[in-house]
Amino acid sequence: PTPTKHDDEDAHVVERDGNQGCNASMHEGWCASGKGCEKVEGREEAHDAQMQPVQATAQDEKPNYEDWNQAKPKALKATNQDDRSAIQKFLYPDPEELPDDVEMTIWEHLEELRERVMVSAAAVSVAILGCFCFSKDLVVFLEDPVAQQGVRFLQLSPGEYFFTTFKVAGYTGLLLGTPVVLYEVIEYVLPGLTKSERKFLAPVVLGSSVLFYLGILFSYQVLTPAALNFFVSYAEGAVESLWSIDQYFEFVLVLMLSTGLSFQVPVVQILLGQLRIVSSEQMLGAWRYVLVGAVAAAAVLTPSTDPFTQMLLATPLFGLYMGGAGAVRLIEGGRKLA
């Protein structure tokens, strides 16, 4: 039979695989002839049903730009935090880590600093004045390490003893006023410390104070008597020990102060370990260099030039360093467990 117009159009529609159905003119022709409308409508419904999962999948795969724009700054911030070094994190902490983030102008900071300096100076001045009232007792107390060795002290110039007592009162008053000064310093820097830094602030301050006074006690009980007895025994039988009161107290006070400061080595190590600048492995690995450095530091800190006094100070310095490295290792172990 001869193909009709409807047959040709039907074949044309069948060949359109994947299209969205017939166009308007073809649909009108089919409907006008009364043939194929049901077929075309059914095919359009099937095509729409087939395209719905594809459109739904495309909508699901469409990126949500609003969520990405909100998550992008957080991701960049986390990346920047991971890329920062320990020193940068210490100098520029996160705002969430500052519980008392109070904004102050430079003039307000200077005013607060001036007030705290005045309070510290007043406390030290009162302590020095009180120690000056008992200066003779302090002089006798500091002469005790060599008094039993037959050493006599002389005043070689007018006013030497007076200025010596004032020097002794100054050093002693400074030691007694140190807790007030330390308290004012802590109160000044406390608002700028993070939560993690505040946790180890009290142990560090307490440990630093205890080690400082232990260093002074070690100098008075062990280091100073040993050094002075060495000088006395070395000169015995050759010269009579008549020492200048000013030079003696300069020797004793400088030795005690330098010993107290040198006992701060573990505190510095703990601070470096807490800030993750230096690890315990690095500290323990450098023990040979530390041993040489302890001997060199003892030679600089001790006012005398004899090797005996230097070794007396270098030995506890090296021991304190190894103890500080052990404390840093314990902190690292607790950090891993947490």
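Thresholds applied
Residues numbered from 1 in each chain as written. Predicted model: local features only at pLDDT ≥ 70, side-chain atom pairs only at ≥ 80, totals over all residues. Heavy atoms only, no water. Patch = residues over 30% accessible without salt bridge, like charges linked within 9 Å, V, L, I, M, F, W, Y side chains within 5 Å. Areas by Shrake-Rupley, 256 points an atom, 1.4 Å probe, with all protein chains shown as cover. Salt bridge = Lys/Arg side-chain N within 4 Å of Asp/Glu carboxyl O. Helix = DSSP H or I, 4+ residues; strand = E, 2+ residues; numbered from the N terminus. Buried < 20%, exposed > 50% of the residue type's maximum accessible area, 1.4 Å probe, protein only. Expected span 1.5 Å × (residues − 1). pLDDT = per-residue confidence, 0-100. Contact = heavy atoms within 4.5 Å. Axes fitted to C-alpha atoms, helices over the stretch in contact; angles between N-to-C directions. Parallel < 35°, antiparallel > 145°, perpendicular 65-115°, else oblique. Nonpolar A, V, L, I, M, F, W, Y, C, P; charged D, E, K, R; others polar. Phe/Tyr/Trp six-rings, centres within 6.5 Å; stacked < 30°, edge-to-face > 60°. Core = buried A, V, L, I, M, F, W, Y, C linked by side-chain atoms within 4.5 Å.

Student: When you look at a nonpolar patch on the surface in this model, what are you seeing that I'm missing?
Tutor: Judged by side-chain polarity, Ile106, Trp107, Leu110, Leu113 and Val117 come together as a nonpolar surface patch covering roughly 540 Å² of accessible area. Within the element layout of this structure, Val117 appears in helix α6 (residues 106-133).

Student: Sorry if this is basic, but what is going on with the pattern of salt bridges here?
Tutor: As a working rule, side chains carrying opposite charge can pair if their charged atoms are close by. Scanning the entire structure with this criterion turns up five salt bridges. One salt bridge in this structure joins Glu281 and Arg329, with 2.5 Å as the shortest N-O distance. In this pair, Glu281 is assigned in helix α13 (residues 280-285) and Arg329 in helix α15 (residues 307-337), connecting sequence segments 48 residues apart. Assessed through its relative accessible area of 40%, Arg329 is described here as partly exposed. Linked through salt bridges whose partners overlap, the residues forming this network are Glu112, Arg116 and Glu184.

Student: How should I be thinking about helix α10 (residues 201-235) in this particular structure?
Tutor: For an α-helix, the turn length of 3.6 residues means that residues three or four places apart are oriented alike. The first and last C-alpha atoms of α10 sit 49 Å apart over 35 residues, in line with the 51 Å expected at 1.5 Å per residue. Taken from the residues just after α10, Gly237 is the one with a positive phi, measuring 85°.

Student: Help me out: how do you make sense of the confidence of the model for the protein chain in this one?
Tutor: In low-pLDDT segments, the atomic positions of the prediction should not be examined closely. Residue-level pLDDT values for the protein chain average 75, and 69% of them are 70 or greater. Within the protein chain, helix α2 (residues 24-33) has the poorest average pLDDT of any element, 45, and α6 the best, 92. Counting contacts from residues 56-62, a segment whose pLDDT is below 50, to residues more than four positions away or on other chains yields zero contacts. Across residues 71-76, confidence stays below pLDDT 50; counting only partners more than four residues off in sequence or on other chains, it has zero contacts.

Student: Is there a simple way to think about the environment of Ser157 in this case?
Tutor: Note on placement: Ser157 falls in the loop between β1 (152-154) and α8 (160-189). When the C-alpha atoms of Ser157 and Ser244 are compared, they prove to be 9.6 Å apart, with 87 residues separating the residues in sequence.

Student: Can you walk me through the packing of helix α7 (residues 135-147) against α8 in this structure?
Tutor: When two helices pack together, their arrangement is given by the angle between the helix axes and by the axis-to-axis distance. For the pair α7 and α8, interaxial distance at closest approach is 9 Å and the crossing angle is 85°. Here α8 runs roughly perpendicular to α7, going by the angle between their axes. For the pair α7 and α8, contact is made by Ser135, Lys136, Leu138, Val139 and Leu142 and by Tyr161, Thr165, Val168 and Thr172, respectively. Classifying every residue of the contact of α7 with α8 by side-chain character gives five nonpolar, three polar and one charged.

Student: Which parts of the structure should I look at to understand the packing of aromatic side chains?
Tutor: To describe a pair of aromatic rings, one takes the distance between the centres and the angle between the planes. In this structure the tally under the stated criterion is eleven aromatic pairs. For the ring pair Phe153 and Trp243, a centre distance of 6.4 Å and an interplane angle of 70° mean the geometry is edge-to-face. Separated by 90 residues along the polypeptide, Phe153 in strand β1 and Trp243 in strand β2 (residues 242-244) bring together distant segments of the chain. Both rings, one in Phe162 and one in Phe163, keep their centres 5.4 Å apart while their planes meet at 75°; by these two values the pair is edge-to-face.

Student: Just to check I follow, could you spell out the nonpolar core for this structure?
Tutor: The nonpolar side chains of soluble globular proteins are, as a tendency, buried together. Judged by nonpolar contacts, the single largest core of 26 residues is most densely connected at Leu142, Trp243, Tyr248 and Phe249. Where this core is concerned, the elements lending two or more residues are α7, α10, α11 (245-262), α14 (287-301) and α15. The dominant element in this core, judged by the number of residues it contributes, is α11, at eight residues. Those residues within four positions of Tyr248 in sequence are excluded, and the remaining contacts are Leu142, Glu143, Pro145, Val146, Phe153, Leu228 and Trp243.

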